[in-house]
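Report on the structure
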Amino acid sequence: MQSTETVHPSQCWECNTYCGSLVSVQDGQVARIAPNPEHPGSKGAFCVKGIRAVREWTYNESRLQYPMRRVGPRGSGEWMRISWDEALDEMADRLAEVRAEYGPLAIAGAVSGAAFSRGAVMALLLRSIGSPNWMINQDLCGGCQALSEKITGTLIKNGEDIDNARCAMLVGRNPQAADPVQWMALKALKKRGGKIIVLDPIQGPASDIADIWLRPRPGTDAALALSIAHVLIKEGKYDRAFVDSWCHGFDRYKERVEQYPPDTAARLTGVAADDIVAAAHCYADGPSVFVPGHGIDAFSAGVQTFRAFNCLVAISGNLDRPGGNKIGKRPKGFRAYMDLLHDPQFRLSRDVELQTIGAQQFPLWAGPEGWQTACHNPSVINAILTNKPYPVRALYISGVNIAVTYPDAVRTIKALKSLDFVAVATQTMTPTAAFADIVLPKTTTLEEEEVQLQAGVPCVSFTRAVVEPRGEALSDLDIALAFRDKMAARDALSHDFLPWKNQRAFNEYLLGDSGITIDALQKTGYASFPHSRGVFEDINFGTETGKVELFSERLDKQDLDPLPNYTPPTADHTDEAVQADYPLVLLTGIREKTYHHSRFRDQSWARKVSPDPLLQIHPETAAAHGISDKQWVSVGTPGTETRCRVRAQVTERAPVGVVATGMGWWEPQSESPDLGACDININGAMSYDGPWDPITGSPDSRGQRCRITPLAADA
Ligand SMILES: Nc1nc2c(c(=O)[nH]1)N[C@H]1C(S)=C(S)[C@@H](COP(=O)(O)OP(=O)(O)OC[C@H]3O[C@@H](n4cnc5c(=O)[nH]c(N)nc54)[C@H](O)[C@@H]3O)O[C@H]1N2
Ligand SMILES: Nc1nc2c(c(=O)[nH]1)N[C@H]1C(S)=C(S)[C@@H](COP(=O)(O)OP(=O)(O)OC[C@H]3O[C@@H](n4cnc5c(=O)[nH]c(N)nc54)[C@H](O)[C@@H]3O)O[C@H]1N2
Ligand code: SF4
Ligand SMILES: [Mo]
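From a predicted model like this one, the values you see are computed outputs, not experimental measurements.

Turning to the pairing of strand 2 (residues 20-26), a few remarks are in order. Most of strand 2 sits inside the fold, with five of its seven residues counted as buried. As paired elements, strand 1 (residues 5-11) and strand 2 share seven bridges and run antiparallel to each other. What sits directly across from Glu 5, in strand 2, is Gln 26. Bridging between strand 2 and strand 3 (residues 29-35) involves six bridges; their strand directions are antiparallel. Residue pairing for strand 3: Val 25 is matched across the bridge by Val 30. Between strand 2 and strand 3, which pair antiparallel one after the other, the connecting turn spans two residues, and Asp 27 there sits at a positive phi close to 50 degrees.

What follows covers the site of ligand 3. Around ligand 3 lies a shell formed by Cys 12, Glu 14, Cys 15, Thr 17, Tyr 18, Cys 19, Phe 46, Cys 47, Lys 49, Gly 50 and Pro 180. Within the shell around ligand 3, the residues separate by chemical class into seven nonpolar, two polar and two charged.

What follows concerns unusual backbone geometry. With an omega dihedral of 5 degrees, the bond running from Gly 286 to Pro 287 counts as a cis peptide bond. When you line up the elements, Pro 287 lands in the loop between helix 12 (273-284) and strand 12 (288-292). A positive phi is found at Tyr 18, a non-glycine position, where the angle reads about 50 degrees. Tracing the sequence through the fold places Tyr 18 in the loop between strand 1 and strand 2. By relative accessible area, Tyr 18 is classed as buried at 7%.

Pairing is mixed in the closed barrel, where six strands are placed in the order 20-24-21-23-22-25. Put simply, the sheet's adjacent strands are angled 45 degrees from each other on average, direction ignored. Sheet topology note: the strand 21 (residues 614-617)/strand 23 (residues 644-650) ladder contains four bridges and is parallel. Opposite Ile 617, over in strand 23, you have Val 650 as the bridge partner.

Another point: the sheet that holds strand 18 (residues 526-527). In space, the three strands of this open sheet follow the order 16-17-18, with antiparallel pairing throughout. Whereas interior strands pair on both sides, the edge strands pair on one side only; in this sheet they are strand 16 (450-454) and strand 18.

Partitioning the chain into domains gives domain 1 (70-141 + 337-452 + 471-513), domain 2 (160-325) and domain 3 (570-710). Its C-alpha centre places domain 1 at a distance of 29 Å from the equivalent point of domain 3. At the junction of the two partners, domain 1 supplies 30 residues and domain 3 supplies 29 residues. Buried area between domain 1 and domain 3, summed over both chains or domains, comes out near 2,300 Å², and the portion from carbon and sulfur atoms is 64%. Here domain 1 and domain 3 share zero salt bridges between them.

Using the criterion set out here, one finds 38 salt bridges in the structure. Across the salt bridge formed by Glu 235 and Lys 237, the nearest N and O atoms sit 2.9 Å from each other. Residue Glu 353 pairs with Arg 347 through a salt bridge whose shortest N-O separation is 2.6 Å. The burial state of Glu 353 is the same as that of Arg 347; both residues are buried. Residues joined by salt bridges that share partners form a network here, namely Asp 85, Asp 89, Asp 93, Lys 486 and Arg 490.

A few words on the side chain of Arg 173. Relative to the helices and strands, Arg 173 resides in the loop between strand 8 (167-171) and helix 5 (175-178). Only 3.2 Å separates the side chain of Arg 173 from the side chain of Asp 179, close enough to count as a polar contact.

So, on to the packing of helix 4 (residues 143-152) against helix 13 (residues 302-315). The N-to-C vectors of helix 4 and helix 13 enclose an angle of 50 degrees; their axes lie 8 Å apart at closest approach. In terms of orientation, helix 4 lies oblique with respect to helix 13. Crossing hand, helix 4 versus helix 13: right-handed. Contacts between helix 4 and helix 13 involve Cys 144, Gln 145, Ser 148, Glu 149, Ile 151 and Thr 152 from the former and Gly 302, Val 303, Phe 306, Arg 307, Asn 310 and Cys 311 from the latter.

Residues that lie three or four places apart on an α-helix share one face, since the helix turns once every 3.6 residues. Counted residue by residue, helix 11 (residues 262-269) has six buried out of eight residues, so it is predominantly covered. Inspection of helix 11 places Pro 262, Thr 264, Ala 265, Ala 266, Leu 268 and Thr 269 among the buried residues, and these make up the whole buried set. Of the surrounding secondary structure, the elements contacted by the buried residues of helix 11 are helix 8 (221-234) and helix 12. At the exit of helix 11 stands Gly 270, carrying a positive phi of roughly 85 degrees.

What follows deals with helix 2 (residues 84-102). The first and last C-alpha atoms of helix 2 sit 27 Å apart over 19 residues, in line with the 27 Å expected at 1.5 Å per residue. Taken residue by residue, helix 2 has Trp 84, Ala 87, Leu 88, Glu 90, Met 91, Ala 92, Leu 95, Ala 96, Val 98 and Arg 99 as its buried positions. Phi for Gly 103, located one or two positions after helix 2, is positive at around 95 degrees.

Next up on the list: the packing of helix 11 against helix 12. The description of two packed helices rests on the angle between their axes and on the distance between the axes. One can describe the packing of helix 11 onto helix 12 by two numbers: an axis separation of 8 Å at closest approach and a directional angle of 115 degrees. Considered as vectors, helix 11 and helix 12 are oriented roughly perpendicular to each other. Helix 12 is crossed by helix 11, and the crossing has right-handed handedness. Along its contact with helix 11, which presents Pro 262, Asp 263, Ala 265 and Ala 266, the element helix 12 presents Ala 273, Ile 276 and Val 277.

Among the structural elements, Leu 587 can be located in strand 20 (residues 584-587). Given the relative accessible area of 8%, Leu 587 is considered buried. Between the C-alpha atoms of Leu 587 and Ala 660, which are 73 residues apart in sequence, the distance is 4.5 Å. What Leu 587 contacts, discounting residues up to four positions off in sequence, is Pro 201, Ile 202, Pro 218, Val 658, Val 659, Ala 660, Thr 661, Ser 701, Arg 702 and Gly 703.

Rules used throughout
Residues numbered from 1 in each chain as written. Chains lettered and ligands numbered in written order. Predicted model: local features only at pLDDT ≥ 70, side-chain atom pairs only at ≥ 80, totals over all residues. Heavy atoms only, no water. Buried < 20%, exposed > 50% of the residue type's maximum accessible area, 1.4 Å probe, protein only. Helix = DSSP H or I, 4+ residues; strand = E, 2+ residues; numbered from the N terminus. Pairing = 2+ DSSP bridges. Near = heavy atom within 4 Å. Nonpolar A, V, L, I, M, F, W, Y, C, P; charged D, E, K, R; others polar. Axes fitted to C-alpha atoms, helices over the stretch in contact; angles between N-to-C directions. Domains from an automatic or database assignment. Contact = heavy atoms within 4.5 Å. Buried area = accessible area lost by both parts, 1.4 Å probe. Salt bridge = Lys/Arg side-chain N within 4 Å of Asp/Glu carboxyl O. Polar contact = N/O pair within 3.5 Å; in protein donor to acceptor, adjacent residues only side chain to side chain. Parallel < 35°, antiparallel > 145°, perpendicular 65-115°, else oblique. Left-handed = near helix turned anticlockwise from the far one by under 90°. Expected span 1.5 Å × (residues − 1).

Below is the structure:
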């Protein structure tokens, strides 16, 4: 008998593009995943990861289905299946021991971030144990943008209104690989005669369709933004009415940008002065949308670089304007994940939060006044290895692959090995899980439900649990609730900050008094809500002055530069002797369509499309180093003694003297205990020890020095 196929509107939350999906289920299994053209955010855009990788990930034979206990030494790859009860009892026994011996702060958590429920769940679980020490990825991803927007008051993340723009200015963004929704919208803009400006040192799909391509030296974009603002102000091409009513500190900002005439910016960035002026004129003829990416985030001048662009958005009158950058909206009564983290009823005492690792050095990031409320990750790794400022002895990791994605994989793994106890929740074995004592099987995004605010669209969208979990996999919340109970039984809880009985109750709590129901969300996969645009009276921008702060009162109080500034990239101020040894500049993180960071490395179709980590290198640079196309090379940076291997891709797309690579590489089939995380992963050759952005603590994902050495053909 033919079984019927049911189609569920849902949402892919593999990445924070959150595309609307239509998931077909047959005989209790996902048969197909397709885009949902009705979804107001993605409008039918989708990517191969959402269509193929997520399904395969769920049904792959490498999927973890049962809890496991390590039987050999850490990293030996020897495991035995155990029950959930045994796994959680052991985890609770060990964490309770650490808590009794060193105190709750010696227990830390690690999770990808607060953009998904697992982030909030991790923070609330740790806080229940009495520890404010949870690590998130945002120092490496989006944190500079987020804090710049909070400080400046623009709040425009994911609110790019490309559909109504005349001009789009992409800065360090590769949407062809990273964001199908943006890429579809940019191609449509181009088709209707709109203009595209691209700021990117590397030639890529976006610069290939650009009208104006500025090619700054890596890490110098702030000087370009300040110079574009200089041209706009000098020529009177800014929005005086908006500035007068809604911007704070314009005169002091004007003085700052006066220091960056195009000639000066040309000298700092390597972009011709005429091109800067042309870009300024094109951007001034709006509406224009600023489309930022990781290319200007996650480096030691990330926040101020973003501030320079955020101020430009404001003074040009493109804030919350059709065709500009929309301010995020939310339905009244709705609670986003960050709201839970800031809600006083779920917070530890101020005294305890002040002890969050990193709170002293990065108070706008960590601790009681910090926006992220999370730790400074490299300082936690240091604490594990040195007991300073105090010991950290146990780690619970979920939804993040820190052995691959944190800089200095060698040191991260050393830290994991030195801990008293490590538990990892994951869907497949990873280099991080390989060093755990207990591995817990996690549901995939097809097996659990999630409610998401897409503030930029705006809408609330819904991921449906379309099938039963495979094996004994559980969601992060279910794991946290069961584990909380085990800790309570051992009298090892300080609070109970997880007052929900299951994921449904948690999601209903998020929906709060918004009037949006789970039933309604299940019917369409999303719910729109009423909102206004360009009504600034109602916003107050979240700043002290209630205006967009070109001059930041908050930064001023912290003795940090209150005005957006330009700092030369680390590569420029590296010691001269070191510069001679490390003659090239390194960029990392370039995305590929096939992979999501370190995920899907065990899927053969993806490995076929992209078998090896590549390093883009200009033919002249390659020749000077005796390197030929496809040759394996070793990469090193001044911060670490360790090196990694990548394959040269000789191409004029990289400028002379700059080399560019991706991230996230490891080998599921590898025989080595770290599964290749210290071998073919760029983070095996990078330091996490600074320089750090003074506000977010972000290290340099780009703009630092490196050297490369050819390896023998069979290396
Ligand atoms: N397929 C796929 N999609 C993804 C992801 C994935 O892993 N795979 N990851 C998701 C996540 S979490 C993120 S953060 C995003 C990242 O995606 P994007 O935001 O697009 O970031 P990247 O691909 O790292 O880099 C974007 C561009 O920045 C340029 N760049 C590097 N340094 C500089 C610089 O100093 N100045 C300027 N102007 N440009 C520079 C690079 O050459 C590159 O073209 O993608 C998301 N989408
Ligand atoms: N050198 C360098 N380093 C970088 C970057 C760079 O550009 N250069 N980019 C940075 C950026 S932008 C990012 S976002 C990070 C990414 O860093 P990670 O978040 O560590 O990357 P992923 O590979 O996505 O790892 C997620 C892991 O979580 C698990 N997982 C996946 N989905 C789920 C889920 O739904 N729930 C749970 N519990 N677990 C899940 C899987 O085990 C997967 O291995 O890397 C950063 N690191
Ligand atoms: S871009 Fe791809 S992976 Fe990200 S949400 Fe959309 S379909 Fe999923
Ligand atoms: Mo990211």
